[in-house]
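# Fold and contact review
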Amino acid sequence: MGERSKFRGGDKAPNNGIYIEVGENDHIMGIQDPHQITMKAGDTFPDVSNEDRVWKNKRHVQPK
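The following refers to the structure shown. Counting of residues starts from 1 at the beginning of each chain's written sequence and follows it residue by residue. Only residues with pLDDT of at least 70 get local features here, since the model is predicted, and only at 80 or more are side-chain atom pairs given and counted; chain-wide, interface and lining totals rely on the full set of residues. Heavy atoms from the whole structure form the basis of all side-chain values; hydrogens and water molecules are not counted.

Criterion used throughout: strands pair if DSSP finds at least two bridges between them. Every helix listed is a DSSP run of H or I at least four residues long, and every strand listed is a run of E at least two residues long, numbered separately from the N terminus. Overall, antiparallel pairing links the three strands, which are arranged E2-E1-E3 in an open sheet. What marks the edges here is a single partner per strand, and that holds for strand E2 (36–39) and strand E3 (53–57). This sheet shows a mean twist of 35 degrees between the axes of neighbouring strands, independent of strand direction. Comment: axis = line fitted to C-alpha atoms, over the contacting stretch for helices; angle = value between 0 and 180 degrees taken between N-to-C directions.

This part covers the nonpolar core. In terms of nonpolar packing, the biggest core is built from eight residues, these being Phe-7, Ala-13, Tyr-19, Ile-37, Met-39, Phe-45, Val-48 and Trp-55. For this analysis, residues touch if any pair of their heavy atoms sits within 4.5 Å. Dropping the residues within four chain positions of it, Val-48 is found in contact with Glu-21, Arg-53, Val-54 and Trp-55. Only buried Ala, Val, Leu, Ile, Met, Phe, Trp, Tyr and Cys residues count toward a nonpolar core, and they belong to the same one when joined by side-chain atoms within 4.5 Å. Here's how the labels work: a residue is buried when its accessible area is under 20% of the maximum for its type, exposed when over 50%, partly exposed in between, all with a 1.4 Å probe on protein chains only.

Turning to the pattern of salt bridges, a few remarks are in order. Each salt bridge in this description consists of a side-chain nitrogen of Lys or Arg and a carboxyl oxygen of Asp or Glu lying within 4 Å of one another. Going through the model one piece at a time under the given rule, you end up with one salt bridge. Taking the shortest distance from any N to any O, the salt bridge between Arg-53 and Glu-21 comes out at 3.6 Å. Taken together, the positions of Arg-53 in strand E3 and Glu-21 in strand E1 (residues 17–23) put the pair 32 residues apart, joining distant regions of the chain. With relative accessibility at 1%, the residue Glu-21 sits in the buried group.

Structure below.
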């Protein structure tokens with residue numbers, strides 16, 4: 001079983017990296033200037049700006 005890839009506010013970051021706010025369907029289409037944050041493993045994610053969004057590691061985000 002793989003590692004989780006979508007996170008909400010209050011979750012802990014599994015790895016160091018840049019995380020981006022994306023829609024539930026794993027894309028950033030329609031989101032202007034999506035929030036990006038730099039996290040270290042164990043840091044707590046902030047709340048997303050919209051309840052239909054999640055945090056995802058930027059290297060796993062594919063624009064559609």
